[in-house]
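# Fold and contact review
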Amino acid sequence: MKTWIPIARVDDIPVLGSRCVKREHGLDVAVFRNAENEVFALLDRCPHKGGPLSQGIVFGTHVACPLHNWTIGLDSGCAREPDEGCTPRFLVKVEDGVVHLDAEELEHHATDLARPVAGPARRTVSA
Ligand code: FES
């Protein structure tokens, strides 16, 4: 049986926007709300180069990544073709206007994915 954690009221998530849920381990979870008041949750990491999807523009059931404008499906987490790749999704339950996330997923899901580090590549010199 799932343990659901209340995150926020639907009304507290901006329409066509998102809120981030911090986790003890792993990247934040971005919780999105579209114009139809549907709510979706994805790891806040674009499958392209790790951009923060929570800062993207929501339209329909998609979000446009703020870095290079890839379109990511909010219900699938996957990039729209011809782009490729998916970001992990999280289960969402909305009850009485309150958004809930699954406690087990918050604790363990996709905790191994980090945001890419910008900057010059490290070079190792062999002797
Ligand atoms: S990092 Fe999202 S489109 Fe490039």
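Residues numbered from 1 in each chain as written. Predicted model: local features only at pLDDT ≥ 70, side-chain atom pairs only at ≥ 80, totals over all residues. Heavy atoms only, no water.

## Observations regarding the nonpolar core
Counting residues in each nonpolar core, the largest one holds 14 residues, and the members touching the most others are Val-21, Val-29, Val-31, Val-39, Ala-41, Val-99 and Leu-101. When contributions to this core are tallied by element, the ones reaching two or more residues are β3 (29–33), β4 (39–43) and β10 (98–102). If you tally residues by element for this core, the top one is β4, at three residues. Among residues more than four places away in sequence, those in contact with Val-99 are Ile-5, Pro-6, Ile-7, Ala-8, Arg-9, Val-10, Ile-13, Val-31, Val-39, Val-92, Lys-93 and Val-94. Listed in part, the 13 residues of the second largest apolar core include Phe-40, Leu-42, Trp-70 and Leu-74. (Core = buried A, V, L, I, M, F, W, Y, C linked by side-chain atoms within 4.5 Å. Buried < 20%, exposed > 50% of the residue type's maximum accessible area, 1.4 Å probe, protein only. Helix = DSSP H or I, 4+ residues; strand = E, 2+ residues; numbered from the N terminus. Contact = heavy atoms within 4.5 Å.)

## Section: the sheet that holds strand β5 (residues 57–59)
As summarised here, the arrangement of the three strands in space is β5-β6-β7, forming an open sheet in which the pairing is antiparallel. Bordering the open sheet on either side are β5 and β7 (71–73), each of which pairs with just one other strand. Neighbour-to-neighbour, the strand axes of the sheet open up by a mean angle of 30°, direction not taken into account. The pairing of strand β6 (residues 62–64) with β7 spans three bridges and is antiparallel. Following the sheet pairing, Val-63 is matched in β7 by Ile-72. (Pairing = 2+ DSSP bridges. Axes fitted to C-alpha atoms, helices over the stretch in contact; angles between N-to-C directions.)

## Thoughts on the side chain of Asn-34
Among the structural elements, Asn-34 can be located in the loop between β3 and β4. On the basis of relative accessible area, Asn-34 is assigned to the buried category, the value being 0%. One polar contact links the side chain of Asn-34 to the main-chain amide nitrogen of Glu-36, over a distance of 3.0 Å. From its side chain, Asn-34 meets the backbone oxygen of Gly-60 in a polar contact 3.1 Å long. (Polar contact = N/O pair within 3.5 Å; in protein donor to acceptor, adjacent residues only side chain to side chain.)

## Thoughts on the state of the cysteines
Under the counting rule described, the total for this entry stands at one disulfide. Each disulfide pairs two cysteine sulfurs, and for Cys-78 the partner residue is Cys-86, the sulfurs being separated by 1.9 Å. Residues Cys-78 and Cys-86 share a disulfide whose torsion about the S-S bond is about 95°; that sign makes it right-handed. (Disulfide = S-S within 2.5 Å.)

## Things to note about unusual backbone geometry
With an omega of 10°, the peptide bond running from Glu-81 to Pro-82 counts as cis. As for its position among the elements, Pro-82 is in the loop between β7 and β8 (89–90). The backbone of Asn-37 shows a phi angle near 65°, a positive value even though the residue is not glycine. Mapped onto the elements, Asn-37 comes out in the loop between β3 and β4. Notably, Ala-110 is not glycine yet its phi reads approximately 60°, a positive angle. One can find Ala-110 in the segment after α1 (103–108).

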